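For reference, the chains in residue letters:
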Amino acid sequence: MVYHTLSGVRFPCAHSAYKSPSTFHGARRSAGLSLFFKKQPFSWKIFAGKSSYDSDSSNLTVTTSEKVLVPGVEAVDTPPSTDQSGSPATASEHTQVVEDTESLTMEDEQSVEDEEKQVVVDSLNEPVSIPIPKPKPRVIPPPGSGQKVYEIDPSLTGFRQHLDFRYAQYKKIREAIDKYEGGLEAFSRGYEKFGFTHSETGITYREWAPGAKWAALIGDFNNWNPNSDVMTRNEFGIWEIFLPNNADGSPAIPHGSRVKIRMDTPSGIKDSIPAWIKFAVQAPGEIPYSGIYYDPPGEEKYIFKHPQPKKPKSLRIYESHVGMSSTEPIINTYANFRDDVLPRIKRLGYNAVQIMAIQEHSYYASFGYHVTNFFAPSSRFGTPDDLKSLIDRAHELGLLVLMDIVHSHSSNNTLDGLNMFDGTDSHYFHSGSRGYHWMWDSRLFNYGSWEVLRFLLSNARWWLEEYKFDGFRFDGVTSMMYTHHGLQVAFTGNYNEYFGYATDVDALVYLMLVNDMIHGLFPEAVVIGEDVSGMPTFCIPVQDGGVGFDYRLHMAIADKWIEILKKRDEDWRMGDIVHTLTNRRWLEKCVSYAESHDQALVGDKTIAFWLMDKDMYDFMALDRPSTSTIDRGIALHKMIRLITIALGGEGYLNFMGNEFGHPEWIDFPRADQHLPNGKVVLGNNFSYDKCRRRFDLGDADYLRYRGMQEFDQAMQHLEETYGFMTTDHQYISRKDEGDRIIVFERGNLVFVFNFHWTSSYSDYRVGCYKPGKYKIVLDSDDPLFGGFGRIDHTSEFFTSQEGWYNDRPRSFMVYSPCRTAVVYALVDNPSEPVKE
């Protein structure tokens, strides 16, 4: 989502969709409704136990009418849970450990003598007995002491009361989940109980809607008759119905049928899409979406063929949006992205793809951030199995697939979203003003509610388990962690801003729980949090007292570049650039980026457009003379990207198209908007012209975009070769405001940046740590990259014995042209390394 980090204000990319049909402003889909009717049922094993819920957390909302525990009051044992037949559920049903057989490799095999054997037939039609490795159980470790944060950052000791309280709340909820749900592992499998579950004998549908007074399941399967399949309610507000198979054994609800739940609520009769629906579509001529019962027969289900890649040491992320990934002004598909875009990402040298707008959202122009159906992949781009095929292909290419997941808020829609689902505004969300985000026009989750925890934890696990995503970028975490949501707040780094009454402890505890669950069950998963505030402990493991993210998205860097680009070259400050790039917390990893999708949305411009503006329309062809604006823009564009990846963090992110300086902006198809204050925001007549990616520009060998793309590819492969983002050795030896020179070391590389607009320097001495011979491994002035070729790449550089220079024990002489970045690599090291 869009932030303005200088003021702490986060701006939405678009208003949300409708609250009712009369106020809907989204684009209507013209594609036909795809149905998937089949006769043969597919058998699922379900976990049918009904649990009762409680906790001794003061902020935890419990879905039982019998009691709510408060601090200092002992818990009262709840009644035994029952399965769908009414029989008491055994403890083993709640503590069953999920076994992961698909992620095992040959290295995991142990004691083949004890393993089961499977008889297969080889190519010579001879029976062969092969061992089946025993699966390893996946477990979530118990909470730790939560005290290591004070060793990592002793200044946190002054806020021990707050941090210890936060950790105590986390432990209390973990203990309650262990007691009443059989542990976090079982609790995070809510999708096996709620929504639609298919057994050998029929289909069970469950929904938590405590505000409803009556409920019935309706859909194509019963001609939308509300009297046909009336549901029953238990004491926890959970509605349920079981539909036995038809006489011929076929399921009562055919695959592909439209379904909804009709409820009599405090707000009147309403039809809603099931909250746990796995697929939702918009039928032709209709405004709200319809839930789809998606359960294809076994032979039609996509089967993953390729193992998930291991987590890389350094993360190079290609941020992307499936819908706008075509060169044509259309909504692209999962299949086209799989076949056309994934190979491009691999060729460019990235090792991960982050995909936006996966969770279903009825308003396309929300960029996927106003989610309506949290368990359903967007139907605009294809079917759930199409998405699985995309992810499997990425794994075949060795690419991690990260999902841009939205748990920070929900769409304000009442017909196809969670808002007012059971007729109350306090169902999944806080009631009143606390549950409404006035800047985003969306609803805010109540993270202290037991069933909200189940819903969101299960949602995160669903995408990892069912679709084999390799991790997440959690959107809008700053909004979650503070009751003011970061709005109109300028974070200065004062610890009182992070640990006080403005901190939403319930939300932080949820983040700790979800990170605990992800890292316990999916050790190779990568979890990134979008935080602009700089919350301390954000990327410290949960057991040590932290929030538990692997990386923080370093949002301040992109905003700093926009701030700098608005200034004259003479006003750029080398120290300011370096400080912003390196200003991150010790032992807390960051993903840096020069620009993401935020910087390209309507109202802003890409870095390339800031640098070159209208000249990009007329002077990017190689057969036409360039201009000083184009020459400056191309040179600085390369330098900005290189210094960001080199100094900005332990990971790097690029939004698709920015690798070659994508011109113009992003504008989703939209109609005019009539605001409550009477103002009208003009739309674009539902145009897709600016909602696509012109990859053809970067591929054209007759355009200057090609050189900018070649440089990005070289930059990614340089990091792959030398691993400079994650090296322990980093030293900035020069920030010269007069010469406009920045020199620093990362690993065995020496980076020299000359930001001066006219001055080039011969025999310029740069300091280094390790003695020996150096060579040029990347030169932004290379003609291949659209440069002027002013540097001889055959030159060799030997360190001198003249003693210390710029606080470095060695140095060598270079030629540094204006507006050029050059990277030197150590070739050999004949003498012993010099101690710092």
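Residues numbered from 1 in each chain as written. Predicted model: local features only at pLDDT ≥ 70, side-chain atom pairs only at ≥ 80, totals over all residues. Heavy atoms only, no water.

1. A word on the overall build of the protein
Right, so step 1: Helix and strand counts for the protein stand at 15 helices and 35 strands.
Right, so step 2: The buried share of the protein, reckoned over its 836 residues, is 61%.
Right, so step 3: Taking all contacts inside the protein whose residues are at least 6 apart in sequence as the whole, residues at least 24 apart take part in 74%.
Right, so step 4: As displayed, the protein has an accessible area near 31,900 Å², and 51% of this comes from carbon and sulfur atoms. (Helix = DSSP H or I, 4+ residues; strand = E, 2+ residues; numbered from the N terminus. Buried < 20%, exposed > 50% of the residue type's maximum accessible area, 1.4 Å probe, protein only. Contact = heavy atoms within 4.5 Å. Areas by Shrake-Rupley, 256 points an atom, 1.4 Å probe, with all protein chains shown as cover.)

2. Describing the packing of helix H11 (residues 574–582) against helix H13 (residues 628–647)
Right, so step 1: One way to put it is that H11 packs onto H13 with a least axis distance of 9 Å and a crossing angle of 45 degrees. Relative to H13, the element H11 lies oblique. As for how H11 packs across H13, the hand of that crossing is right-handed. Contacts from Ile 577, Leu 581 and Thr 582 of H11 reach H13 at Ile 643, Thr 644 and Leu 647.
Right, so step 2: Among the residues forming the contact of H11 with H13, the class breakdown is four nonpolar, two polar and no charged. (Axes fitted to C-alpha atoms, helices over the stretch in contact; angles between N-to-C directions. Parallel < 35°, antiparallel > 145°, perpendicular 65-115°, else oblique. Left-handed = near helix turned anticlockwise from the far one by under 90°. Nonpolar A, V, L, I, M, F, W, Y, C, P; charged D, E, K, R; others polar.)

3. Digging into the pattern of salt bridges
Right, so step 1: Counting across every chain of the model gives 48 salt bridges.
Right, so step 2: Between Glu 185 and Arg 461 there is a salt bridge whose closest N-O contact spans 3.0 Å. Here the residue Glu 185 occupies a position in helix H4 (residues 184–187), and Arg 461 occupies one in helix H7 (residues 450–466), the gap between them amounting to 276 residues.
Right, so step 3: We note a salt bridge from Arg 206 to Glu 240, for which the minimum N-O separation is 3.2 Å. Here Arg 206 is found in strand E6 (residues 202–208), whereas its partner Glu 240 is found in strand E9 (residues 238–244), with 34 residues between them in sequence.
Right, so step 4: A residue is classified by how much of its surface remains accessible, and Glu 240, at 10% relative accessible area, is buried.
Right, so step 5: Taken together, the shared-partner salt bridges connect Asp 153, Asp 531, Arg 552, Arg 585 and Glu 588 into one network. (Salt bridge = Lys/Arg side-chain N within 4 Å of Asp/Glu carboxyl O.)

4. Structural notes on the confidence of the model for the protein
Right, so step 1: Residues at a pLDDT of 70 or more form 83% of the protein, whose mean pLDDT is 86.
Right, so step 2: Note that pLDDT drops below 50 for residues 120–124; the model gives that stretch six contacts with residues more than four away or on any other chain.
Right, so step 3: Counted against residues more than four places away or in other chains, residues 830–836, with its pLDDT under 50, gives eleven contacts. (pLDDT = per-residue confidence, 0-100.)

5. Notes on the sheet that holds strand E15 (residues 352–356)
Right, so step 1: With parallel pairing, the eight strands of this closed barrel are ordered in space as E14-E15-E18-E21-E22-E23-E24-E25. Pairs of neighbouring strands in the sheet enclose a mean axial angle of 30 degrees, with direction left out of account.
Right, so step 2: Bridge analysis of strand E24 (residues 590–592) against strand E25 (residues 651–655) gives two bridges, and the strand direction is parallel. Residue Ser 592 lies in a different strand from E25, and its bridge partner there is Tyr 652. (Pairing = 2+ DSSP bridges.)

6. Focus on the sheet that holds E9
Sheet strands associate in pairs through backbone hydrogen bonding, adopting either a parallel or an antiparallel arrangement.
Right, so step 1: One open sheet accounts for four strands, arranged E5-E6-E9-E8; its pairing is antiparallel. Strand pairing shows two members of the sheet lacking a second neighbour, strand E5 (195–198) and strand E8 (232–233), which therefore form its edges.

7. Describing empty space enclosed by the protein
One way to see where empty space is left: roll a probe the size of a water molecule over the atoms.
Right, so step 1: As enumerated under the stated definition, the model contains eight cavities of 30 Å³ or more in all.
Right, so step 2: Empty space within the largest cavity amounts to approximately 100 Å³.
Right, so step 3: Considering the residues around the largest cavity, the lining is formed by Ser 408, His 430, Arg 434, Leu 444, Phe 445, Tyr 447, Ser 479, Met 480, Tyr 482, Thr 483, His 485 and Asp 504.
Right, so step 4: Considering only residue class, the lining of the largest cavity consists of five nonpolar, five polar and two charged. (1 Å grid on protein atoms, 1.4 Å probe; cavity = no way out; pocket = protein on both sides within 12 Å on 5 of 7 lines; lining within 4 Å. Points joined across faces, edges and corners; volume = space filled by probe spheres on them.)

8. A look at unusual backbone geometry
Right, so step 1: The phi dihedral of Leu 587 is positive, around 70 degrees, even though this residue is not glycine.
Right, so step 2: Positioned with a positive phi, Asp 763 is a non-glycine residue whose angle comes to about 50 degrees.
Right, so step 3: Position of Asp 763 among the secondary structure elements: in strand E31 (residues 761–768).
Right, so step 4: Residue Asp 763 is classed as exposed on the basis of its relative accessible area, which comes to 59%.

9. Examining the packing of helix H10 (residues 555–565) against H13
Right, so step 1: It is at 12 Å that the axes of H10 and H13 come closest, and there the two elements cross at 150 degrees. As far as their axial angle goes, H13 and H10 are roughly antiparallel. The crossing of H10 and H13 is right-handed. Note on element contacts: H13 touches H10 through Ile 640, Ile 643 and Thr 644, opposite Ile 557, Trp 561 and Leu 565.
Right, so step 2: Here the contact of H10 with H13 is composed, by residue class, of five nonpolar, one polar and no charged.

10. A few points about the pairing of strand E21 (residues 471–474)
Right, so step 1: Residues of E21 alternate between two faces, with Gly 471 and Arg 473 on one and Phe 472 and Phe 474 on the opposite face, all of them buried.
Right, so step 2: Judged from the four bridges that link them, strand E18 (residues 400–405) and E21 form a sheet pairing that is parallel. Paired with Ile 405 across the bridge in E21 is Phe 474.
Right, so step 3: By the bridge criterion, four bridges tie E21 to strand E22 (residues 526–529) in an arrangement that is parallel.

11. Some points on H11
Right, so step 1: For H11, the full list of buried residues reads Met 574, Ile 577, Val 578, Thr 580 and Leu 581. Buried positions in H11, seen along its axis, are confined to an arc of 165 degrees and lie on one side of it.
Right, so step 2: Considering only its buried residues, H11 is in contact with strand E23 (551–554), H10, H13, strand E28 (730–736) and strand E29 (741–746). (Arc of directions from axis to C-beta.)

12. Thoughts on the environment of Arg 338
Right, so step 1: With respect to the element layout, Arg 338 can be found in helix H5 (residues 334–348).
Right, so step 2: For Arg 338 and Ser 389, which are 51 residues apart along the polypeptide, the C-alpha to C-alpha distance reads 7.7 Å.
Right, so step 3: Not counting the four nearest positions on each side in its chain, Arg 338 is found in contact with Pro 343, Ser 389, Leu 390 and Arg 393.

13. A few points about the packing of aromatic side chains
Right, so step 1: Tallied over the entire structure, the rule returns 53 aromatic pairs.
Right, so step 2: Ring centres of Phe 187 and Trp 450 lie 5.4 Å apart, and the angle between their planes is 55 degrees; on these two criteria the pair is classed as tilted. Here Trp 450 lies in helix H7 and Phe 187 lies in helix H4, a separation of 263 residues in the sequence. Just as Phe 187 is buried, Trp 450 falls in that class too.
Right, so step 3: For the pair Tyr 482 and Phe 491, a centre-to-centre distance of 5.2 Å together with 45 degrees between the ring planes defines the contact as tilted.
Right, so step 4: Looking at Tyr 482, the relative accessible area reads 0%, which means it is buried.
Right, so step 5: Directly above the ring of Tyr 150 sits Arg 160, whose terminal nitrogen or CZ lies 3.9 Å from the centroid.
Right, so step 6: Across from the ring centre of Tyr 805, 5.8 Å away, lies the NZ or CZ of Arg 765, which sits over that ring. (Phe/Tyr/Trp six-rings, centres within 6.5 Å; stacked < 30°, edge-to-face > 60°. Lys NZ or Arg CZ within 6 Å of the ring centre and 35° of its normal.)

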